[in-house]
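Chain residues, written in single-letter form:
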Amino acid sequence: MATLFQHAVWKALEKIPSGKVTSYAALARYLETRAVRAVGSAVGKNPNAPQVPCHRVVRGDGTIGNYSGGEGVATKIRLLSQEGVEISEGKIVDFDTVFWEFTP
DNA sequence: TACATGACTATCC
DNA sequence: GGGATAGCCATGT
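Residues numbered from 1 in each chain as written. Chains lettered and ligands numbered in written order. Predicted model: local features only at pLDDT ≥ 70, side-chain atom pairs only at ≥ 80, totals over all residues. Heavy atoms only, no water.

A. View of the protein's contact with DNA strand C. Inspection of the region around DNA strand C gives T3, F5, A35, R37, A38 and K45 as its neighbouring residues. Sugar plus phosphate: this is where 65% of the atoms of DNA strand C within 4 Å of the protein reside. Between DNA strand C and R37 there is a distance of 2.9 Å, counted from a base oxygen to a side-chain nitrogen or oxygen. Looking at the surface near DNA strand C residue by residue, the class counts come to three nonpolar, one polar and two charged. (Near = heavy atom within 4 Å. Polar contact = N/O pair within 3.5 Å; in protein donor to acceptor, adjacent residues only side chain to side chain. Nonpolar A, V, L, I, M, F, W, Y, C, P; charged D, E, K, R; others polar.)

B. The arrangement of unusual backbone geometry in detail. Residues other than glycine seldom take positive phi values, yet E89 does so here, at roughly 55 degrees. Along the chain, the position of E89 falls in the loop between β3 (87–88) and β4 (91–92). (Helix = DSSP H or I, 4+ residues; strand = E, 2+ residues; numbered from the N terminus.)

C. Spatial organisation of the layout of surface pockets. Taken as a whole, the largest pocket encloses approximately 330 Å³ of empty space. Lining the largest pocket we find 17 residues, and of these Y24, G40, G44, N66 and Y67 sit closest to its centre. Take the lining of the largest pocket: its biggest share by element is four residues, from helix α3 (residues 36–44). For the lining of the largest pocket, the per-class residue count stands at six nonpolar, eight polar and three charged. (1 Å grid on protein atoms, 1.4 Å probe; cavity = no way out; pocket = protein on both sides within 12 Å on 5 of 7 lines; lining within 4 Å. Points joined across faces, edges and corners; volume = space filled by probe spheres on them.)

D. Main features of the protein's contact with DNA strand B. Taken together, 16 residues surround DNA strand B, and among them R37, G44, R59, G60 and N66 come closest. Of all DNA strand B atoms lying within 4 Å of any protein atom, the proportion belonging to sugar or phosphate reaches 32%. The separation between a base nitrogen of DNA strand B and a polar main-chain atom of G44 is 3.0 Å. In the model, a phosphate oxygen of DNA strand B is placed 2.8 Å from a nitrogen or oxygen of the G60 main chain. Counting residues per element, the ones that place at least two in the surface near DNA strand B are α2 (24–30) and α3. Per-element accounting of the surface near DNA strand B gives the leading share, seven residues, to α3. Classifying every residue of the surface near DNA strand B gives seven nonpolar, six polar and three charged.

Here you go:
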């Protein structure tokens, strides 16, 4: 059973536009919490994978982080690549440019 | 109820 | 600059 916290995370993910990425820290800040690890757990347990763009969430330093499903991180990289987010050596290229910051 | 774990981040060496 | 350590909150056992 998904908790309210998880629903809040998934709902926030849907706000991320195609071709952009965000970080767990930014997500946590938008949700007004410091539980970045809990956010990561919630995203990983997201039951609406195609509906929720969980692949658009990366680590704060621009690295991919982790992913569950398909071929794992490889799938995440491929999906981002298809949306116009270039990846190199497991890291986001021009991270500052493609980074999406949540806006109230 | 209490303990251990995790799709993380910040700090220290 | 890179690797290791500590801190963090929510979840699951």
